[in-house]
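Structural characterization, general
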Amino acid sequence: DMTDLIARRKELKDGGYPLSVNDFVIKAVALALRDFPHVNCNTPDNIHVITRSEINVGMAVSVDNGLVVPVLRNVDEMAMDEIHAAARELADKARTGKLLPDDMAGGTFTISNMGMLNVENFGAIINPGEGAILAVSSAIPKAVVNDDREIVVRDMMKITLSADHRVIDGALAAMFANAVKR
């Protein structure tokens, strides 16, 4: 339920503090990865699993000839304005063809956000060597039943976690997805 977050984002934007929904998603993922360190893993040789201490989140960026995944390093330690600035800089570098190999190396988890494309839900393919990827869809007004059993309109956004079950079992994946949601 993104209703309250969207309202808060508008308040911040009106106050001169522009943040994207993706900035909040990146921060939520980083904090969830801190709480679920086994999701923050790599399988560099498809045999051994390495749990990473650094939280380096890749963000899928659409470019003219496909998709690139620049990496925000130690994103769990960043403030929201730092996430916004770093994500914007990497996305701009990606779209202008100025990404360096180091900008795309060392990811431990990836987010693919198609929310700006009016997508209700989708599944993303895990980047080779990573344990999981989060697909983020559009926030869409929906009729939902609240805690008082009343029908209300809320901005609902679907997220889908694709996880390599050789590394991350379904229960852990579900707990992680619920942590991101919270």
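The rules behind each value
- Residues numbered from 1 in each chain as written.
- Predicted model: local features only at pLDDT ≥ 70, side-chain atom pairs only at ≥ 80, totals over all residues.
- Heavy atoms only, no water.
- Pairing = 2+ DSSP bridges.
- Helix = DSSP H or I, 4+ residues; strand = E, 2+ residues; numbered from the N terminus.
- Salt bridge = Lys/Arg side-chain N within 4 Å of Asp/Glu carboxyl O.
- Buried < 20%, exposed > 50% of the residue type's maximum accessible area, 1.4 Å probe, protein only.
- Core = buried A, V, L, I, M, F, W, Y, C linked by side-chain atoms within 4.5 Å.
- Expected span 1.5 Å × (residues − 1).
- Arc of directions from axis to C-beta.
- Contact = heavy atoms within 4.5 Å.
- Polar contact = N/O pair within 3.5 Å; in protein donor to acceptor, adjacent residues only side chain to side chain.
- pLDDT = per-residue confidence, 0-100.

1. Some details on the sheet that holds strand β7 (residues 109–113)
What holds strands together in a sheet is hydrogen bonding between their backbones, with the strands either parallel or antiparallel. With mixed pairing, the five strands of this open sheet are ordered in space as β6-β3-β7-β8-β9. The sheet is open, and its two edges are formed by β6 (71–72) and β9 (151–163), each paired on a single side.

2. So, the pattern of salt bridges
Scanning the model with the defined rule gives nine salt bridges in all. Of the charged contacts in the structure, one is a salt bridge between R154 and D4, with a shortest N-O distance of 3.5 Å. Residue R154 is found in strand β9, and its partner D4 is found in helix α1 (residues 3–14); the two are separated by 150 residues along the sequence. For R154, a relative accessible area of 22% translates into the label partly exposed. According to the relative accessible area criterion, D4 is exposed, its value standing at 55%. K93 is the salt-bridge partner of D103, the closest N and O atoms lying 2.8 Å from each other. With D103 in the loop between α3 (80–95) and β7 and K93 in helix α3, this residue pair connects regions lying 10 residues apart in the sequence. This pair shows no difference in class: D103 is buried, exactly as K93 is. One connected set of salt bridges, linked through shared partners, spans D1, D4 and R154.

3. Some thoughts on the nonpolar core
Formed by 44 residues in total, the largest nonpolar core has its most connected members in V29, V39, V75, F109, I168 and F176. Of all elements in the fold, only α2 (21–35), β3 (57–59), β4 (61–63), α3, β7, β8 (132–145), β9 and α4 (170–181) reach the threshold of two or more residues within this core. The next biggest cluster of nonpolar side chains, apart from the first, holds five residues, and it includes V119, A124, I133 and A135.

4. Here we look at α4
For α4, which comprises 12 residues, the first-to-last C-alpha distance of 16 Å matches the rise-based estimate of 16 Å (1.5 Å per residue) to within 8%. Here α4 has its buried residues at L172, A173, F176, A177, A179 and V180. For α4, the buried positions fall inside an angular range of 155° around the axis, keeping them on one side. Of the residues in α4, the exposed ones pointing more than 90 degrees away from the buried face are A171 and K181. Its buried side turned inward, α4 meets α2, β7, β8 and β9. Of the residues that open α4, the one with a side-chain oxygen 3.2 Å from the backbone nitrogen of A171 is D169.

5. Considering the pairing of β7
Moving residue by residue along a regular strand, the side chains alternate between the two faces of the sheet. Among the five residues in β7, five count as buried, and that is most of the element. Burial of β7 is two-sided: the residues F109, I111 and N113 facing one way and the residues T110 and S112 facing the other way are all buried. Direction of pairing for β3 relative to β7: parallel, over a ladder of three bridges. Bridge pairing links V57 to F109 in β7. Here β7 pairs with β8 via four bridges, running parallel. Counterpart to N113 in the pairing with β8 is V136.

6. Regarding the confidence of the model for the chain
Confidence in the prediction of the chain, expressed as mean pLDDT, is 94, and 100% of residues score 70 or more. The lowest-confidence element of the chain is strand β2 (residues 50–51), averaging 84 in pLDDT; the highest-confidence one is β6, averaging 98.

7. Considering unusual backbone geometry
Only a minority of non-glycine residues have a phi that is not negative, and only a minority of peptide bonds are not trans. Of note in the backbone geometry, N74 takes a positive phi value of approximately 50° without being a glycine. Its place among the elements puts N74 in the loop between β6 and α3. Among the residues examined, N74 registers a relative accessible area of 27% and is labelled partly exposed. Positioned with a positive phi, R149 is a non-glycine residue whose angle comes to about 65°. The exposure class assigned to R149 is exposed, which follows from its relative accessible area of 74%.

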